[in-house]
Amino acid sequence: MSEPTPRLVVLSGPSGVGKSTVVNCVCGLEPRIWLSISTTTRAPRPGELDGREYHFVSDAQFDQLVSTGAFLEWAEFAGNRYGTTSEPVEAHLAAGYSVLLEIELQGARTLRLVDPDALLVFLAPPNWDELVRRLIGRGTEAPEVVERRLGVARVELAAEAEFDVTIVNSSVEAAASALLDLLGYPH
Ligand code: ADP
Ligand code: 5GP
């Protein structure tokens, strides 16, 4: 069987749709896919570790990374900043990994401009009520933060047509399989 061609893949979708859960499943099944670790000014959630879920930085440190051109893309989301540093992405692509970026809509739009070959995948909820249930059920955000994220979610859902492909996250396993199929990895 021929080797899949390593690709840069963006996975976007509203907060709470299940992006992290699906990505964890995909990366657990396929070691040739690497999840980029973003840099953020958001505070760590309980259980999150610096250098594992994110590189957690101060506003001043983030400013410094912006001014030195370290980011492939960055964006503001619900009161915090998030960015993808270029160097590890390029190193992993060169080493033969497909690279997954789990990023929000503005970042996906930037990626489209800086790398027209990137595959843009939209992860959609089965319906609105289920999205609300998942976001509240995760229990990691205060009620006002949940409200803010649901407001952004309406905008993100309206942008689905800008993506190359939509995967509906009804079941984690089925969504992970669909992503592996798209990239050509057996499972
Ligand atoms: P995101 O990364 O998109 O913000 P998460 O991966 O944190 O979302 O998932 C939000 C919540 O929804 C979590 O509690 C997760 O366990 C749950 N979840 C994810 N995918 C599914 C699914 N297919 N069915 C039911 N619950 C799910
Ligand atoms: P969370 O705070 O829930 O971890 O992430 C909030 C949003 O920021 C999610 O939609 C997530 O995909 C997005 N995000 C995470 N990292 C990045 C990044 O490096 N760049 C951009 N543009 N968005 C990111």
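**Overview of the site of ligand 2**
By nearness alone, 16 residues border ligand 2, and Ser38, Arg42, Tyr54, Tyr82 and Glu104 come closest of all. Between Glu73 and ligand 2, the recorded distance is 2.7 Å, taken from a side-chain N or O atom to a nitrogen atom. Separating an oxygen atom of ligand 2 from a backbone N or O atom of Gly83 is a distance of 3.1 Å. Compared with its free state, where it exposes 510 Å², ligand 2 has 96% of that area covered by protein. Secondary-structure elements contributing two or more residues to the shell around ligand 2 are strand S5 (71-77) and strand S6 (80-85). Tallied by class, the residues present in the shell around ligand 2 amount to five nonpolar, four polar and seven charged.

**Observations concerning the sheet that holds strand S9 (residues 165-168)**
Pairing is parallel in the open sheet, where five strands are placed in the order S2-S7-S1-S8-S9. Strands at the two margins of the open sheet, each flanked by one partner only, are strand S2 (33-35) and S9. Here the strands of the sheet are splayed against their neighbours by 25° on average, with no regard to which way each runs. Looking at chain direction, strand S8 (residues 119-124) and S9 are connected through four bridges and run parallel.

**Re the side chain of Glu141**
Examined against the element boundaries, Glu141 turns out to sit in the loop between helix H5 (128-138) and helix H6 (143-158). The exposure class of Glu141 is buried, given its relative accessible area of 14%. Here the side chain of Glu141 touches Arg138 through a polar contact of 3.0 Å, side chain to side chain. Reaching out from Glu141, the side chain makes a polar contact with the side chain of Thr140 at a distance of 2.7 Å. When residues no more than four places from it in sequence are discounted, the contact partners of Glu141 are Arg45, Leu135, Val146 and Arg149.

Cut-offs and rules
- Residues numbered from 1 in each chain as written.
- Chains lettered and ligands numbered in written order.
- Predicted model: local features only at pLDDT ≥ 70, side-chain atom pairs only at ≥ 80, totals over all residues.
- Heavy atoms only, no water.
- Near = heavy atom within 4 Å.
- Polar contact = N/O pair within 3.5 Å; in protein donor to acceptor, adjacent residues only side chain to side chain.
- Areas by Shrake-Rupley, 256 points an atom, 1.4 Å probe, with all protein chains shown as cover.
- Helix = DSSP H or I, 4+ residues; strand = E, 2+ residues; numbered from the N terminus.
- Nonpolar A, V, L, I, M, F, W, Y, C, P; charged D, E, K, R; others polar.
- Pairing = 2+ DSSP bridges.
- Axes fitted to C-alpha atoms, helices over the stretch in contact; angles between N-to-C directions.
- Buried < 20%, exposed > 50% of the residue type's maximum accessible area, 1.4 Å probe, protein only.
- Contact = heavy atoms within 4.5 Å.

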